[in-house]
Amino acid sequence: MSTPKDLAGWLAYIERQHPQTVALGLERVARVRAAMDLAPTVPVITVAGTNGKGSTCAMLESILQAAGYRVGLYSSPHLLRYNERVRIGGREADDAALVAAFARVELARTAAEDAVALTYFEFGTLAAVDLFLRREVDVMVLEVGLGGRLDAVNAFDADCAVVTSIGMDHMDYLGATLEAIGREKAGIFRAGKPAVIADAGAPVSVLAHAHSIGARLLRSGQEFGYDRGQGWWTYWGPAGEEAELPYPALFGDIQLQNASAALAALDSLCDRLPVSIRDLRQGLAGVELPGRFQRLPGCPTLVLDVGHNPQAAMVLARNLSDMGSYPRTLAVFGMLGDKDIAGVVRSLAWHIDRWFVCTLPPPRGAQASELAQTLRQAGVEAVREFQNPAAAYAAACSSSAENDRILVFGSFHTVADVIAILERS
């Protein structure tokens, strides 16, 4: 086959290079990393967790950008464009840069007699780090895709590793208990390096692994933490206290946990990446992250949230309550079939007045009928079924009054389809 010429061609190509969508393990990506001589010398901050890792990465990027550093941010999944996954200096990588990076990964992948079969995520991770090195970023912020210990991102040693919250998700790959999942997340820690644990109630396995390898533990509520104020908050950590910080521009009480973890990571690297109180304030106030309890202006109120597991649904329920009272809340709801649909429904069933459930594409998308059945089993009757998120959203808009609230949630796919509609309108 000839080499793809554009980004769409490359994305289709790399999807076909490994028979499995998810195939955890570091051996394949390590071989190609070595062939490409990808050896970062700038600080690397790696972030893992069930929920909150995207927000934490966004805050790290925003603060470091405010401090004048050229940041390479690798995150996933994307909402509308693959380019969203690779940001350099606050901007998405353009198609030409990504195509060139994919070509370099391909050359290294096929150089040996037995070509390495990389997964889509492994291919993308190597391309991102290659671009960061070529563009001479000052710091890399790498978001783990799935788990931690065997995720492709973990092929690169973290100078500081952050674990956010830990919940029940991806159990087929990570284990059926919080302790097992926590052990996988903690695999990003490195001996002698800072290991930031954002959740004061993290599983014992996370702490045990950090101790066993001699990582420098920074635990929420122990080595760092935060105090809420009226309109401001205070962070305290290894480098001291920072008072009168603005609340993060990302909505929700949980964001203080994420923000304090980001600040603890920066504290631990202050000799290499010093930031000022002004940088902290500017970065927190200006942070943006589409799809994370994103509230859009207009009537009715529109809320977009990519949460797709029970832990995220509980946070979403609290955020909905904190928004105040609305005559009705209408939900556009689509999920992947391998997620805990019943667990998500239990957390949100009584926060929503009318449900507009939709089918997501195969092979992983759940059918609208499955979502409707789960809701009815939970005692919810106000349910309508649609073939896709666009149809469900159109019906929700038609059924809503000016002072109502429409919530779009359950999957990146669901939110992305509605954002695409909004961008076209």
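For the structure, check the block above.
In this report, we go over the structure that sits alongside the text. Think of each chain on its own: its residues are numbered from 1, step by step along the sequence as written. The model is predicted, so local features are restricted to residues of pLDDT at least 70 and side-chain atom pairs to those at 80 or more, both for listing and for counting; the totals for chains, interfaces and linings are taken over all residues. For the side-chain quantities, the full set of heavy atoms in the structure was used; hydrogens and water were omitted.

1. A short note on the overall build of the chain
Applied cut-off: A run of H or I in DSSP becomes a helix once it reaches four residues, and a run of E becomes a strand once it reaches two; helices and strands are each numbered from the N terminus. The globule rule used here is 2.2 Å times the number of residues to the 0.38 power, and the radius of gyration it is set against is calculated over C-alpha atoms. In what follows, a contact means two residues having at least one pair of non-hydrogen atoms within 4.5 Å. Surface accessibility follows the Shrake-Rupley procedure with a 1.4 Å probe radius. Residue values consider only the protein chains on display as shielding. Positive: Lys, Arg. Negative: Asp, Glu. His and the chain ends are not part of the count. Think of each charge as sitting on NZ of Lys, CZ of Arg, CG of Asp or CD of Glu.
Check the secondary structure of the chain and you find 15 helices and 17 strands. Computed over its C-alpha atoms, the radius of gyration of the chain comes to 21 Å, within 12% of the 22 Å expected for a compact globule of 425 residues. Based on the C-alpha atoms only, the size of the chain along its principal axes is roughly 60 × 55 × 40 Å. Considering only contacts within the chain whose residues lie at least 6 apart along the sequence, 72% involve residues at least 24 apart. Of the roughly 17,600 Å² that the chain leaves accessible, carbon and sulfur atoms contribute 49%. Charge centroids of the chain, computed over 38 positive and 47 negative side chains, lie 2 Å from each other.

2. Some points on the pairing of strand E11 (residues 240-245)
Cut-off, in case you're wondering: DSSP calls a pair of strands paired once it identifies at least 2 bridges connecting them.
As paired elements, strand E10 (residues 233-237) and E11 share four bridges and run antiparallel to each other. The partner of Trp236 across the bridge, within E11, is Glu241. Hairpin connection, E10 to E11: the antiparallel pair is bridged by two residues.

3. Side note on the sheet that holds E10
For clarity, the threshold we go by: Think of each axis as a best-fit line through the C-alpha atoms, taken over the contacting stretch in the case of a helix, with angles from 0 to 180 degrees between the N-to-C directions.
Taken together, three strands build an open sheet; the order of strands is E9-E10-E11 and the sheet is antiparallel. A strand with exactly one partner marks an edge of an open sheet, and here the two such strands are strand E9 (225-228) and E11. Between one strand axis and the next, the sheet turns through 15 degrees on average, direction left out of account. Relative to E10, E9 runs antiparallel, the two being bridged by four bridges. When the sheet's bridge partners are listed, Asp227 is paired in E10 with Thr234.

4. Some thoughts on the nonpolar core
Buried together is how nonpolar side chains tend to be arranged in soluble globular proteins. Definition in use: Buried Ala, Val, Leu, Ile, Met, Phe, Trp, Tyr and Cys residues form a nonpolar core when they are joined through side-chain atoms within 4.5 Å. Each residue gets one of three labels from its accessible area relative to the maximum for its type: buried under 20%, exposed over 50%, partly exposed in between, using a 1.4 Å probe on protein chains only.
Counting 60 residues, the largest nonpolar core has Phe102, Phe132 and Phe189 as the members making the most contacts within it. The element that contributes the greatest number of residues to this core is helix H5 (residues 120-134), accounting for nine residues. The next biggest cluster of nonpolar side chains, apart from the first, holds 37 residues, and it includes Ala58, Val71, Cys160 and Ala198.

5. Quick notes on the sheet that holds strand E13 (residues 301-305)
Reading across the sheet, the six strands line up as E12-E13-E17-E14-E15-E16 and stay open at both edges, with mixed pairing between neighbours. Of all the strands in the sheet, the pair left with one neighbour each is strand E12 (294-296) and strand E16 (383-386). Averaged over all pairs of adjacent strands, the angle between strand axes in this sheet comes to 20 degrees, irrespective of strand direction. Pairing geometry for strand E15 (residues 354-358) and E16, over four bridges, is parallel. Opposite Phe356, over in E16, you have Arg384 as the bridge partner.

6. Focus: the pattern of salt bridges
Our working rule: Salt bridges are identified by distance alone: a Lys or Arg side-chain nitrogen within 4 Å of an Asp or Glu carboxyl oxygen.
In total, this model carries 17 salt bridges according to the counting rule given. A salt bridge links Glu106 to Arg109, with the shortest nitrogen-to-oxygen separation between them at 2.8 Å. Taken together, the residues span about one helical turn, with Glu106 and Arg109 both in helix H4 (residues 95-109) at a distance of three residues. Here the two residues Glu106 and Arg109 agree in accessibility, since each one is buried.

7. Overview of the packing of aromatic side chains
This is how the line gets drawn: When two rings of Phe, Tyr or Trp (its six-membered ring) have centres within 6.5 Å they constitute a pair, described as stacked for plane angles under 30 degrees, edge-to-face for angles over 60, and tilted for the intermediate range.
Here the structure, examined in full by the defined rule, presents 13 aromatic pairs. Where Tyr82 meets Tyr120, the ring centres are 6.0 Å apart and the plane angle is 85 degrees; that geometry is what we call edge-to-face. Placement of Tyr82 in the loop between strand E2 (71-74) and strand E3 (86-88) and of Tyr120 in helix H5 is noted, with a sequence separation of 38 residues between them. An angle of 25 degrees between the planes, with centres 6.1 Å apart, marks the rings of Phe356 and Phe386 as stacked. Taken together, the residues span a long stretch of sequence, with Phe356 in strand E15 and Phe386 in strand E16 at a distance of 30 residues. Look at Phe356 and you get buried, because its relative accessible area is 0%. Cluster of aromatic residues (ring-pair linked, three or more members): Trp10, Tyr13, Tyr82, Phe102, Tyr120 and Phe123.

8. Topic: the packing of helix H14 (residues 389-399) against helix H15 (residues 412-424)
Two quantities define a packed helix pair, namely the angle between the helix axes and the distance between the axes. Convention followed: Left-handed describes a crossing whose near helix is turned anticlockwise from the far helix through less than a right angle; right-handed describes the clockwise counterpart. Residue type decides the class: Asp, Glu, Lys and Arg count as charged, Ala, Val, Leu, Ile, Met, Phe, Trp, Tyr, Cys and Pro as nonpolar, and the leftover types, Gly among them, as polar.
Where H14 contacts H15, the two axes come as close as 9 Å, and the packing angle between them is 65 degrees. In this structure, H14 crosses over H15, and the sense of that crossing is right-handed. On H15, the residues that touch Pro389, Ala390 and Tyr393 of H14 are Thr414, Asp417, Val418, Ile421 and Leu422. Considered class by class, the residues forming the contact of H14 with H15 number six nonpolar, one polar and one charged.

9. Notes on H5
Formally: The length a helix should cover is 1.5 Å for every residue beyond the first.
Between its first and last C-alpha atoms H5 spans 21 Å; for 15 residues at 1.5 Å apiece the expected length is 21 Å, and the two agree. Most of H5 is tucked away, with 13 of its 15 residues classed as buried. Within two residues after H5, Glu136 carries a phi angle of roughly 55 degrees, on the positive side.

10. As for unusual backbone geometry
A cis geometry characterises the amide bond from Ser76 onward to Pro77, with omega recorded as -10 degrees. Along the polypeptide, Pro77 turns up in the loop between E2 and E3. Here the bond from Cys299 into Pro300 is cis, since omega is 0 degrees, no more than 30 degrees from zero. Following the sequence through the fold, Pro300 ends up in the loop between E12 and E13. Here the phi dihedral of Asp37 falls at roughly 55 degrees; this positive angle occurs in a residue that is not glycine. With respect to the helices and strands, Asp37 occurs in the loop between helix H2 (27-36) and strand E1 (44-48). Phi at Glu136 takes a positive value of approximately 55 degrees, unusual for a residue other than glycine. Tracing the backbone through its elements, the reader meets Glu136 in the loop between H5 and strand E5 (139-143).

11. Some details on H14
Turn by turn, an α-helix covers 3.6 residues, leaving residues three or four places apart pointing in a common direction. Here is the rule we go by: It is the directions from the helix axis to the C-beta atoms whose arc is reported. Pairs of N or O atoms within 3.5 Å make up the polar contacts considered here, provided that, within protein, one atom can donate a hydrogen while the other can accept it, and that residues adjacent in sequence are counted only when both atoms are side-chain atoms.
The complete set of buried residues in H14 reads Pro389, Ala392, Tyr393, Ala395 and Ala396. Looking straight down H14, one finds its buried side chains confined to an arc of 165 degrees; they lie on one side. Looking at the buried positions of H14, the neighbouring elements they touch are E13, strand E14 (329-333), E15, E16, strand E17 (405-409) and H15. At the N-terminal boundary of H14, the capping side chain belongs to Asn388, with an oxygen 3.2 Å from the backbone nitrogen of Ala390.

No statement about biological role is implied by the geometric values presented.
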